[in-house]
Structure formats: C-alpha cells, structure tokens
Amino acid sequence: MSEEKKQKQVRNKWADVITDYYRTNRQIHKQDQERYAREKAEGKKEPWTKREILMLAVCILCGIGIILRWFLCEKC
C-alpha cells in the first residue's frame, strides 16, 4: 500500500509545452489583430510596414533574377 502512494501520476510534459505554446501564440495573434484594427480605424496604421516592403522587394528581386537567368542562360 505504501508503494501505491509513492507512485506519481505521469504527465506528458511535451504535450503540455506544445499546448502552452499554441495557446500563447493564439493570444498574441489575437492581440496583434486587435491592435492592428484599432490603429487602422484611428488612421495611425500605414498600409505597408517596413517589413512588408522589404519582403516585397526581396520577392521582386528574386523574380527578376529568375527571369534573367532563364533568358540569359544558354545551357540551362
């Protein structure tokens, strides 16, 4: 009987970590969406952030590079 009392309930710690990570990110995402909507309604939010502009510029440059390689590469 004393052995039964000493045994602990085994929990899946990995599942706890994943669940906590998922819940936390959902909460952060919800807060960001609310802040974005509030700032846009107040007129403070610009349509493009610096990060969005940078990502668009990188995509455009990559597209131009692919097109140039396709036209200029004879053996490809």
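All values reported here derive from a predicted model rather than from experimental measurement.

About the criteria used
- Residues numbered from 1 in each chain as written.
- Predicted model: local features only at pLDDT ≥ 70, side-chain atom pairs only at ≥ 80, totals over all residues.
- Heavy atoms only, no water.
- Helix = DSSP H or I, 4+ residues; strand = E, 2+ residues; numbered from the N terminus.
- Buried < 20%, exposed > 50% of the residue type's maximum accessible area, 1.4 Å probe, protein only.
- Areas by Shrake-Rupley, 256 points an atom, 1.4 Å probe, with all protein chains shown as cover.
- Patch = residues over 30% accessible without salt bridge, like charges linked within 9 Å, V, L, I, M, F, W, Y side chains within 5 Å.
- Salt bridge = Lys/Arg side-chain N within 4 Å of Asp/Glu carboxyl O.
- Phe/Tyr/Trp six-rings, centres within 6.5 Å; stacked < 30°, edge-to-face > 60°.
- pLDDT = per-residue confidence, 0-100.
- Disulfide = S-S within 2.5 Å.
- Expected span 1.5 Å × (residues − 1).

What exactly am I supposed to notice about the overall build of the chain here?
Along the chain, the regular secondary structure elements total 3 helices and 0 strands. Walking the chain from its N terminus toward its C terminus, one meets helices and strands in the order α-α-α. Classification of the 76 residues of the chain by burial places 0% in the buried group. Approximately 8300 Å² of the chain is accessible, and the part contributed by carbon and sulfur atoms is 59%.

Explain a nonpolar patch on the surface here, please?
Among the surface-exposed residues, Trp-48, Ile-53, Leu-56, Ile-60, Leu-61, Ile-64, Ile-67, Leu-68, Trp-70, Phe-71 and Leu-72 lie close enough to one another that they form a single nonpolar patch of about 1200 Å² accessible area. Along the chain, Ile-64 falls in helix 3 (residues 50–72).

I tried to follow the pattern of salt bridges on my own but got confused; where do I start?
Any two side chains of opposite charge can pair, on the condition that their charged atoms come close. Taken as a whole and judged by the stated rule, the model has 2 salt bridges. The shortest N-O distance in the salt bridge between Arg-35 and Asp-32 comes to 3.9 Å. Of this pair, Arg-35 and Asp-32 both sit in helix 2 (residues 13–42), separated by 3 residues, roughly a single helical turn. The residue Glu-39 makes a salt bridge to Arg-35 at a minimum N-O spacing of 3.4 Å. Of this pair, Glu-39 and Arg-35 both sit in helix 2, 4 residues apart, roughly one helical turn. When its relative accessible area of 23% is taken as the criterion, Glu-39 is described as partly exposed. One continuous salt-bridge network, built from bridges that share partners, spans Asp-32, Arg-35 and Glu-39.

Please explain the packing of aromatic side chains as it appears in this structure.
The geometry of an aromatic ring pair comes down to the distance between the two centres and the angle between the two planes. One pass over the structure, following the stated rule, counts 1 aromatic pair. Considering the side-chain rings of Trp-70 and Phe-71, the 4.9 Å spacing of their centres and the 55° angle between planes classify their relative orientation as tilted. Among the residues examined, Trp-70 registers a relative accessible area of 65% and is labelled exposed.

How should I be thinking about the confidence of the model for the chain in this particular structure?
Detail in the predicted coordinates should be disregarded across regions flagged by low pLDDT. Per-residue confidence for the chain averages 83 on the pLDDT scale, and 83% of its residues sit at or above 70. When the elements of the chain are averaged for pLDDT, helix 1 (residues 2–6) gives the smallest value, 59, and helix 3 the largest, 93.

I'm lost on the state of the cysteines in this one. Help?
Covalent bonding between the sulfur atoms of two cysteines is what defines a disulfide. According to the stated counting rule, one finds 0 disulfides in the structure shown. Not engaged in a disulfide, the cysteine Cys-59 finds its nearest cysteine sulfur in Cys-62; these two sulfurs lie 6.6 Å apart.

Got a minute to help me understand helix 2 in this structure?
In an α-helix, one full turn covers 3.6 residues, which means residues spaced three or four apart are oriented alike. The end-to-end C-alpha distance of helix 2, which contains 30 residues, comes to 43 Å, matching closely the 44 Å that a straight helix rising 1.5 Å per residue would cover. Positive phi shows up at Gly-43, right after helix 2, with a value of about 85°.

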